[in-house]
Amino acid sequence: MSAALALAATALDVLVMTQLHPRAAQIDGPRHVRVAVDTLRAPLQLPDAEWRVRVGRETRTWRGALRIAPGADELAIIVRMPIEEYVARAVAAETEPGAPPALLEAQAIVSRSYALAARGRHGAADACDLAHCQALRESPSHEHRANSRAAADRTAGQVLVLADGRVARTPFHAACGGSTADPRAIFGRDDVSGAAAVPDPGCSAPGWEARLPRDVVERAAIEALGSRGPLSYERAADGRVVRVLDERTGRWANGDAFARALDRLAGWGVVRGSRMWLDPAGAFVRIRGTGIGHGAGLCQAGALRRARQGQSVQEILSHYFPNARWGRVEHRSP
Ligand SMILES: [Zn+2]
Ligand SMILES: [Zn+2]
């Protein structure tokens, strides 16, 4: 890995608290404002500061400029967050208290690279605060939040880059189960991650199993595809589902998008990974899987084990991202 240079934005517009479908919000900080979807006529803009935003019984603290826009039946709350603030929050949310510094640094570089490379997934916003982009749930441990922020600071501006100089869209997952997945098989396109299928000895992920009604599985496929023609599944040599196809239009969705749609319709935490096998069983479909998450890129369980064994952040990242180089972004002024 060698140095490279790229320019990147200095802040990300993050759409937050969407899972609460906010119709009203109480905002406290340098100003105190109550907004509701029924009465807000034009977007409300609040300056860069620390804001506490309460929606129903949930309160979250955000650092950045706030923009609250009225939608059809809910508010869009967008925080313009400095990129390193975003990275510090993502690291705290994606790792556990007590994790060694090398793991926190590896997560910081991966979270930063992914966020910069995957910007603009939400129209007016660059990212959301859910696992769809990167979860920004607040860690209850003050010490863990401080350690995560320190790891973001120590690695400020560091990213992984592809051979052509673009920032790598570096995926990560909870546990691979012994070897990571080929990113092309999971995301179904030319690789932009810098990752490759690599062995991860000692990484045992529990197998999981779910049973869902046939119509739920069909709905998930339609949702992942965005169309409703006759469906078929494309399987890998080992039988797992890698794509779902609309036979009429030729449209397809990758296994990861399908697994996420399944998990959402099942109520989250049920379809736990993308490496899955589907077997019809009457009115139900039996789904078996190995590994937690999509299995591509950084394996968080494996990286934790490596950090505990004394591996450096460079050793950890070059293992999971053999096709990426080390790089640094210069944050551009807005
Ligand atoms: Zn998102
Ligand atoms: Zn692993």
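Computed from a predicted model, the values in this text were never measured in an experiment.

A. Representation of the confidence of the model for the protein chain within the structure. Of all residues in the protein chain, 97% have pLDDT values of 70 or greater, and the mean over the chain is 91. Looking across the protein chain, the model is least confident in strand 1 (residues 5-8), with a mean pLDDT of 62, and most confident in helix 8 (residues 313-320), with 98. Among the prediction metrics, the complex's ipTM stands at 0.96, with pTM recorded as 0.85.

B. Inspection of empty space enclosed by the protein at higher detail. The final tally for this structure, using the stated rule, is one cavity of 30 Å³ or more. Volume-wise, the largest cavity comes out at about 50 Å³. The wall of the largest cavity is formed by Leu12, Tyr86, Tyr114, Ala115, Ala118, Arg119, Asp126, Ala127, Cys133 and Gln134. Considering only residue class, the lining of the largest cavity consists of seven nonpolar, one polar and two charged.

C. Quick peek at the layout of surface pockets. Space inside the second largest pocket adds up to approximately 270 Å³. Lining of the second largest pocket is provided by 16 residues; of these, Arg63, Glu85, Glu138, Arg145 and Arg149 occupy positions nearest its centre. Of all the secondary-structure elements, those providing two or more residues to the lining of the second largest pocket are strand 6 (58-70), helix 1 (83-94) and helix 3 (142-154). Its residues assigned to classes, the lining of the second largest pocket shows four nonpolar, four polar and eight charged.

D. Structural view of the side chain of Asp126. By secondary structure assignment, the location of Asp126 is in the loop between helix 2 (101-117) and strand 8 (127-128). Among residues more than four places away in sequence, those in contact with Asp126 are Ala11, Leu12, Asp13, Ala118, Arg119, Gly120 and Arg121.

E. Spotlight on the packing of aromatic side chains. For the coordinates displayed, the defined rule picks out one aromatic pair. With 5.7 Å between their ring centres and 25° between their planes, Tyr233 and Phe258 make a pair best called stacked. Here the residue Tyr233 occupies a position in strand 12 (residues 231-235), and Phe258 occupies one in helix 6 (residues 255-266), the gap between them amounting to 25 residues. Taking relative accessible area as the criterion, Phe258 reaches 0% and is therefore assigned buried. One cation-aromatic arrangement involves Arg211 over Phe284; the distance from NZ or CZ to the ring centre is 4.1 Å.

F. Layout of the pattern of salt bridges. In this structure the tally under the stated criterion is 17 salt bridges. The shortest N-O distance in the salt bridge between Arg23 and Asp38 comes to 3.1 Å. Of this pair, Arg23 sits in the loop between strand 2 (11-16) and strand 3 (24-28) while Asp38 sits in the loop between strand 4 (32-36) and strand 5 (44-55), and the two are 15 residues apart along the sequence. Taking the shortest distance from any N to any O, the salt bridge between Arg60 and Glu58 comes out at 2.9 Å.

G. The sheet that holds strand 14 (residues 252-254), seen in detail. Spatially, 12-13-14 is the arrangement adopted by the three strands of the open sheet, whose pairing is antiparallel. Across the chains shown, the open sheet's two edge strands, defined by having one partner strand only, are strand 12 and strand 14. With strand direction ignored, the average angle separating the axes of adjacent strands in the sheet is 25°. Where strand 13 (residues 241-246) meets strand 14, three bridges bridge the pair, whose relative direction is antiparallel. When the bridges of strand 14 are listed, Val244 appears paired with Ala253.

H. Region of the structure containing the coordination of the zinc ion (ligand 2). Cys176 (SG), Asp200 (OD), Cys203 (SG) and Cys299 (SG) make up the full set of protein donors to the zinc ion (ligand 2), lying at 2.1 to 2.3 Å. Considering all four donor atoms around the zinc ion (ligand 2), the spread of angles at the metal, 101 to 123°, places the coordination shape in the tetrahedral class.

I. Up close: the coordination of the zinc ion (ligand 1). Donor atoms from the polypeptide that bind the zinc ion (ligand 1) are His122 (NE2), Cys128 (SG), His132 (ND1) and Cys133 (SG), placed at 1.9 to 2.3 Å. Geometry at the zinc ion (ligand 1) is tetrahedral, judged from its four donor atoms and the angles of 103 to 118° they form at the metal. Mapped onto the sequence, the residues coordinating the zinc ion (ligand 1) show the spacing H-x5-C-x3-H-C. Residue His122 is found in the loop between helix 2 and strand 8, and its partner Cys133 is found in the loop between strand 8 and helix 3; the two are separated by eleven residues along the sequence. Classification of His122 by relative accessible area gives partly exposed; the value is 26%.

J. Focus on unusual backbone geometry. In the Ramachandran plot, Met17 falls in the positive-phi region, its phi being about 60° despite a non-glycine side chain. Within the element layout of this structure, Met17 appears in the loop between strand 2 and strand 3. Phi is positive for His21, which is not a glycine, with a value near 45°.

K. Broad picture of helix 6. When the terminal C-alpha atoms of helix 6 are compared, their 16 Å separation across twelve residues agrees well with the 16 Å that a helix rising 1.5 Å per residue should span. Three or more residues of helix 6 are buried, namely Gly255, Asp256, Phe258, Ala259, Ala261, Leu262 and Asp263. At the N-terminal boundary of helix 6, the capping side chain belongs to Asn254, with an oxygen 3.0 Å from the backbone nitrogen of Asp256. The first or second residue beyond helix 6 is Gly267, which carries a positive phi of 100°.

Conventions adopted
- Residues numbered from 1 in each chain as written.
- Chains lettered and ligands numbered in written order.
- Predicted model: local features only at pLDDT ≥ 70, side-chain atom pairs only at ≥ 80, totals over all residues.
- Heavy atoms only, no water.
- pLDDT = per-residue confidence, 0-100.
- Helix = DSSP H or I, 4+ residues; strand = E, 2+ residues; numbered from the N terminus.
- 1 Å grid on protein atoms, 1.4 Å probe; cavity = no way out; pocket = protein on both sides within 12 Å on 5 of 7 lines; lining within 4 Å.
- Points joined across faces, edges and corners; volume = space filled by probe spheres on them.
- Nonpolar A, V, L, I, M, F, W, Y, C, P; charged D, E, K, R; others polar.
- Contact = heavy atoms within 4.5 Å.
- Phe/Tyr/Trp six-rings, centres within 6.5 Å; stacked < 30°, edge-to-face > 60°.
- Buried < 20%, exposed > 50% of the residue type's maximum accessible area, 1.4 Å probe, protein only.
- Lys NZ or Arg CZ within 6 Å of the ring centre and 35° of its normal.
- Salt bridge = Lys/Arg side-chain N within 4 Å of Asp/Glu carboxyl O.
- Pairing = 2+ DSSP bridges.
- Axes fitted to C-alpha atoms, helices over the stretch in contact; angles between N-to-C directions.
- Donors = N, O, S within 2.8 Å, 3.2 Å for Na, K, Ca; no water.
- Tetrahedral: all angles 85-135°; square planar, octahedral: opposite > 155°, others 65-115°.
- Expected span 1.5 Å × (residues − 1).
- Polar contact = N/O pair within 3.5 Å; in protein donor to acceptor, adjacent residues only side chain to side chain.

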